[in-house]
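Examination of the molecular architecture
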Amino acid sequence: MDERERAEELAAAYEARLAADRDGRRAKGAFYTPPELVSWVLDRAVPPGARRVLDPACGTGHFLVAAARIVGVAGVFGSDLDAEAVAIARQRLAAEDPSVPVAQIERQVRVADGLTAWTGETFDAVVGNPPFLGQLKRGTAAAGARAHGLGAYTDTSAVFLHRSLDLVADGGTVALVQPLSVLAARDAAKVRTAVAGRGRVGELWVSEGAEFAGAAVRTCVPVVRVGEPGGQTEWGRLAAPHFGIPEVEMPRGTGVLGDLAACTADFRDQYYGLVPHVRDGGDGAPLVTTGLLEPGACEWGMRPTRFARRSYAAPVVDVAGLRAADARLGAWADARLVPKVVVAGQGRVIEAAADEHGAWLPSVPVVSVVPHDPADVWRVLAVLLAPPVVADAAARYLGAGLVPGSVKVSARQIAALPLPADETAWREGAALARAALLEELAGVMSAAYGCADPAVARWWLDRARRT
Ligand SMILES: C[S@@+](CC[C@H](N)C(=O)[O-])C[C@H]1O[C@@H](n2cnc3c(N)ncnc32)[C@H](O)[C@@H]1O
């Protein structure tokens with residue numbers, strides 16, 4: 001066995017040991033990167049002529065060894081908090097090119113915090129797979145994010161991305177593995193804005209499944225071309241083709257749904273306040289849960305649903321009892337018992353149904369969209385069921401949902417959905433929404449938004465039918 005093989009074997013044994021120690025591995029965020037992904041990243045980030053490549057969380061050095069084969073061992077730099085991993089990375093590099101002095105390799109690959117090391121240095125490329133530690137909300141992760149002026153819940157991997165922008169000159173590239181949620185997570189918004197200010201995401205790699213053994217998280221790699229103009233903050237759009245979401249061009253200046261209606265989400269107070277007043281069947285206001293909502297229909301009373309850990313065949317709220325027990329909640333119920341559209345915040349499409357007579361009460365997290373003019377309920381519903389609106393929202397907010405490829409919209413985002421330009425088609429769409437003729441509605445509302453591509457309506461119908 002030669003030096004190289006011995007070093008490779010050490011790395012494999014170390015990773016196998018880490019894999020066996022589940023908790024330890026999770027705490028370190030140490031899930032190693034498959035070789036195909038390493039090659040994909042280096043093919044894009046390290047062009048011929050590049051000289052200095054950094055992996056700020058290098059582990060046992062998968063990226064470093066592969067990069068050394070392009071730029072030479074003297075051109076690769078790395079850091080990791082794990083001293084044992086660093087020792088293996090050094091050994092692998094030494095085996096790659098024994099002519100490079102060990103002392104030099106030790107300076108290039110350090111036991112150090114990748115979020116603070118390397119200040120003042122510049123690289124042609126920063127690559128790697130930094131730790132994903134957002135879920136743990138560890139003290140150190142939060143402190144690291146705050147030190148960079150980012151929210152405490154920003155995933156550590158996004159903090160690495162933010163930080164790397166300072167380590168690459170114009171013309172260079174940053175390509176770090178990130179959780180898919182970086183595309184749309186609110187906590188990563190500052191990082192996306194910082195990236196857009198420094199360069200452009202040229203390409204995006206998206207994992208087909210959970211890529212790293214043991215880590216149940218979907219990942220992506222935004223390839224940031226530093227210094228290129230045209231930076232964008234809506235990265236979800238780049239990933240949309242991976243999830244079969246058709247591209248649409250939305251009208252501008254036509255106004256937004258919030259002009260027509262108030263969009264409101266309810267909170268825990270309402271949820272817990274309702275619990276003692278909900279019963280199964282009898283008189284009262286039907287309680288609508290997200291599970292009962294379908295595109296264009298509410299299946300209350302047609303199938304059971306769960307509320308507050310119980311199953312109900314037909315849950316109703318005793319509104320008189322609620323008013324008597326709690327004046328504030330009574331006033332809340334009165335405000336909701338008006339003609340409105342109720343929306344489930346997450347689904348394969350936007351699942352919304354019209355409550356024309358104002359008879360239903362929404363259960364958290366159902367969003368209420370209350371038109372200023374009650375006669376507009378069907379027009380509002382037609383907007384929420386319009387295929388281009390849904391395709392655009394699916395792309396913009398991709399990665400926000402628990403299931404990638406599902407559409408997740410908040411009350412604020414619903415209020416920002418654009419209105420159609422073609423009033424006549426919209427009126428026709430409203431009539432079709434009322435008649436629950438989804439196939440016809442899909443075509444007419446696509447036309448209302450000036451979308452001539454039949455694939456968009458087909459995409460929506462296919463998903464709407466499978467909810
Ligand atoms: C997901 S592993 C990936 C390792 C390597 N990039 C690869 O793909 O083979 C992340 C590595 O980050 C290291 N790490 C965690 N926090 C760090 C920090 N603040 N600075 C540097 N490395 C860190 C862990 O020890 C682990 O080796």
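These numbers were taken from a predicted model, which means no experiment stands behind them.

1. Considering the packing of helix α3 (residues 35-45) against helix α4 (residues 62-71)
- Look at α3 against α4: their axes get within 10 Å of each other, and the N-to-C directions meet at 45 degrees. As summarised for this structure, α3 and α4 are arranged oblique, according to the angle between their axes. For α3 against α4, the interelement crossing comes out right-handed. On α4, the residues that touch Val38, Val41 and Leu42 of α3 are His62, Phe63, Ala66, Ala67 and Ile70.
- A class-by-class count of the residues in the contact of α3 with α4 yields seven nonpolar, one polar and no charged.

2. Looking at the environment of arginine 252
- With respect to the helices, strands and loops of the structure, arginine 252 is situated in the loop between α10 (236-239) and α11 (257-260).
- Along the primary structure arginine 252 and proline 101 are separated by 151 residues, whereas in three dimensions their C-alpha atoms are 61 Å apart.

3. Some details on the site of the ligand
- Of all residues adjacent to the ligand, which total 22 residues, the nearest are Tyr32, Thr33, Asp80, Asp113 and Gly114.
- In this structure, an oxygen atom belonging to the ligand sits 2.2 Å away from a side-chain N or O atom of threonine 33.
- Within the backbone of asparagine 129, an N or O atom sits 3.5 Å from a nitrogen atom of the ligand.
- Surface burial for the ligand is 95%, taken as the share of its 600 Å² of free accessible area covered by protein chains.
- Residues that form the shell around the ligand fall into these classes: eleven nonpolar, six polar and five charged.

4. Thoughts on the sheet that holds strand β16 (residues 315-317)
- In spatial order, the strands read β10-β16-β11-β20; together these four strands make up an open sheet with mixed pairing. Every other strand in the sheet has two partners, leaving β10 (278-280) and β20 (361-362) as the edge strands with one partner each.
- Looking at chain direction, β10 and β16 are connected through three bridges and run antiparallel. Among the inter-strand pairings, valine 278 is bridged to a residue of β16, identified as valine 317.

5. Some details on the domain arrangement of the chain
- Examined at the domain level, the chain breaks down into domain 1 (3-243) and domain 2 (257-465).
- Spacing between the C-alpha centres of domain 1 and domain 2 amounts to 41 Å.
- Across the boundary between the two partners, domain 1 contributes twelve residues, which contact ten residues of domain 2.
- The largest contributions to the domain 1 side of the interface with domain 2 come from Ala184, Arg237 and Phe243, which together make up 48% of the buried area.
- At the junction of domain 1 with domain 2, the criterion picks out two salt bridges.
- For glutamate 234, the salt bridge identified is with arginine 396, shortest N-O distance 3.1 Å.
- With three residues, the single largest contributor to the side of domain 1 that touches domain 2 is α10.

Cut-offs used in this document
- Residues numbered from 1 in each chain as written.
- Predicted model: local features only at pLDDT ≥ 70, side-chain atom pairs only at ≥ 80, totals over all residues.
- Heavy atoms only, no water.
- Axes fitted to C-alpha atoms, helices over the stretch in contact; angles between N-to-C directions.
- Helix = DSSP H or I, 4+ residues; strand = E, 2+ residues; numbered from the N terminus.
- Parallel < 35°, antiparallel > 145°, perpendicular 65-115°, else oblique.
- Left-handed = near helix turned anticlockwise from the far one by under 90°.
- Contact = heavy atoms within 4.5 Å.
- Nonpolar A, V, L, I, M, F, W, Y, C, P; charged D, E, K, R; others polar.
- Near = heavy atom within 4 Å.
- Polar contact = N/O pair within 3.5 Å; in protein donor to acceptor, adjacent residues only side chain to side chain.
- Areas by Shrake-Rupley, 256 points an atom, 1.4 Å probe, with all protein chains shown as cover.
- Pairing = 2+ DSSP bridges.
- Domains from an automatic or database assignment.
- Buried area = accessible area lost by both parts, 1.4 Å probe.
- Salt bridge = Lys/Arg side-chain N within 4 Å of Asp/Glu carboxyl O.

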